[in-house]
Amino acid sequence: MTKVLVLYYSSYGHLSQMADAVAEGAHSAGAEVDILRVPETAPAEVVKAAGFKADHTHPVIGSINDLADYDAIVIGAPTRFGRMPSQMAAFLDQAGGLWMKGTLHGKVGGAFTSTATQHGGQEMTLFSIITNLLHFGMTVVGLDYGYRGQMGVDEVKGGSPYGASTIADGDGSRQPSAVELDGARYQGKRIAETAAKLAG
């Protein structure tokens, strides 16, 4: 059975919801799926002052070496000034040993994100994640246009060919929409299917 890791960082819970949807999609393709998050690295006073989510649904990943156990890795992180946040970057920066050994070569990867606004750096953030995946030697699967929900301008919505996304609004009040969650499910399914084909 194909093993998929959905690994994310979330300050306010939007990416946690998207991670659940990605996992649902991968599971629907017959994959075994784990959802884990990276450790919080912001100082406790910053976490408290910013009102970061304290009650997390998913456990923290054990170590960077755990990535070796999976056929596919889908990474989710919100934007911080047009790139992935330091919490995710700090975790991925520990992958030098895996990179040197080529441990992740040929595995499948993908990315998903959230921003406060429609033009808040979603594509740049996705690319900052995808750049890591490509350096690891992974095959990247985005949110292809087979998912028609990302088309049109009838409503505010995330989604791009580079990965699923959601828009949180400046105060974090907007939650992922049905269209955005379906996009995450679609991408998760495509990643699991691709991993199964490559492993076969």
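Parameters and conventions
- Sequence positions are assigned chain by chain, starting from 1 and proceeding in written order.
- Where totals are concerned, whole chains, interfaces and linings use all residues; where local detail is concerned, this predicted model gives features only for residues with pLDDT of at least 70, and gives and counts side-chain atom pairs only at 80 or more.
- Excluding hydrogens and water, the side-chain figures rest on all heavy atoms present in the structure.
- Here a cavity denotes a set of grid points, spaced 1 Å apart and computed over the protein atoms alone, in which a 1.4 Å probe fits but from which it cannot get out, and a pocket denotes an open set meeting protein on both sides within 12 Å along at least five of seven lines; residues with an atom within 4 Å of a point are reported as lining.
- Grid points are joined across faces, edges and corners, and a volume is the space filled by probe spheres set on the points.
- Under the convention adopted here, Pro, Cys and the residues Ala, Val, Leu, Ile, Met, Phe, Trp and Tyr are nonpolar, Asp, Glu, Lys and Arg are charged, and Gly plus all remaining residues are polar.
- Each helix is a run of DSSP H or I of at least 4 residues and each strand a run of E of at least 2, with the numbering of both proceeding from the N terminus.
- UniProt positions are given in the numbering used here, feature names are shortened, and annotations may be inferred rather than shown by experiment.
- Buried means the residue's accessible area, taken with a 1.4 Å probe over protein chains only, is under 20% of the maximum for its type, while exposed means over 50%, and partly exposed covers the values in between.
- Here a residue-residue contact requires only that any non-hydrogen atoms of the pair lie within 4.5 Å.
- Within 3.5 Å is the distance limit for a polar contact, defined as a pair of N or O atoms, with the added protein rule that one can donate a hydrogen and the other accept it, and that residues adjacent in sequence qualify only through two side-chain atoms.
- In this description, a nonpolar core means a group of buried Ala, Val, Leu, Ile, Met, Phe, Trp, Tyr and Cys residues linked to one another through side-chain atoms lying within 4.5 Å.
- Just to be clear on terms, a salt bridge is a Lys or Arg side-chain nitrogen sitting within 4 Å of an Asp or Glu carboxyl oxygen.
- Pairing between strands requires that DSSP locate at least two bridges from one strand to the other.
- Here is how to tell: hold the view so the strands point away, follow the path from the first strand over the helix to the second, and if it runs clockwise the crossover is right-handed.

A few words on empty space enclosed by the protein. In the structure shown here, the tally under the stated rule is two cavities of 30 Å³ or more. Approximately 60 Å³ is the volume attributed to the largest cavity. Considering the residues around the largest cavity, the lining is formed by Y8, Y9, S10, R37, V38, P39, E40 and H56. Considered class by class, the residues forming the lining of the largest cavity number four nonpolar, two polar and two charged. Roughly 30 Å³ of internal volume is contained in the second largest cavity. L143, Y147, Q150, G158, G159, A164, S165, V179, E180, G183 and A184 are the residues that line the second largest cavity. When residues of the lining of the second largest cavity are traced back to their parent elements, those giving at least two are β6 (164–167) and α6 (178–199). Ranked by the residues each element gives to the lining of the second largest cavity, the list is headed by α6, at four residues. When the residues that make up the lining of the second largest cavity are grouped by side-chain class, the tally is five nonpolar, five polar and one charged.

Residues annotated by UniProt as "binding site: NAD(+)" (unreviewed entry) correspond here to Y12. Its location among the elements puts Y12 in the loop between β1 (3–8) and α1 (14–28). The class of Y12 is partly exposed, set by a relative accessible area of 45%. What Y12 contacts, discounting residues up to four positions off in sequence, is A50, G51, F52 and K53. Separated by 2.9 Å, the side chain of Y12 and the backbone oxygen of A50 make a polar contact.

Moving on, we get to the nonpolar core. Core analysis: the biggest nonpolar cluster contains 28 residues, and L5, L7, L67, I73, M88 and F91 have the highest contact counts within it. Secondary-structure elements contributing two or more residues to this core are β1, β3 (72–76), α3 (86–92) and α5 (122–135). Sorting elements by how many residues they give to this core places α5 first, with four residues. When sequence neighbours within four positions are dropped, the list of residues in contact with L5 reads D34, L36, I61, L67, Y70, A72, I73 and V74. Counting 26 residues, the second largest nonpolar core, distinct from the first, contains A164, L181, I191 and A192.

Let's shift gears to the pattern of salt bridges. Summed over the entire model, instances satisfying the criterion amount to eight salt bridges. The partner of E180 in a salt bridge is R174, with the nearest N and O atoms 3.1 Å apart. With respect to burial, E180 and R174 carry one shared label: buried. Look at the salt bridges and you will find they share partners, linking D144, K189, R190 and E193 into a network.

Let's shift gears to the pairing of β1. Taken across its six residues, β1 has five buried, putting it largely inside the fold. Relative to strand β2 (residues 32–37), β1 is paired through six bridges, and the arrangement is parallel. Directly across from Y8, in β2, lies its bridge partner R37. As for the winding sense of the linkage, the β-α-β connection from β1 through α1 to β2 is right-handed. Sheet analysis places β1 next to β3, joined by five bridges and oriented parallel. Within β3, the residue paired with V4 across the bridge is A72.

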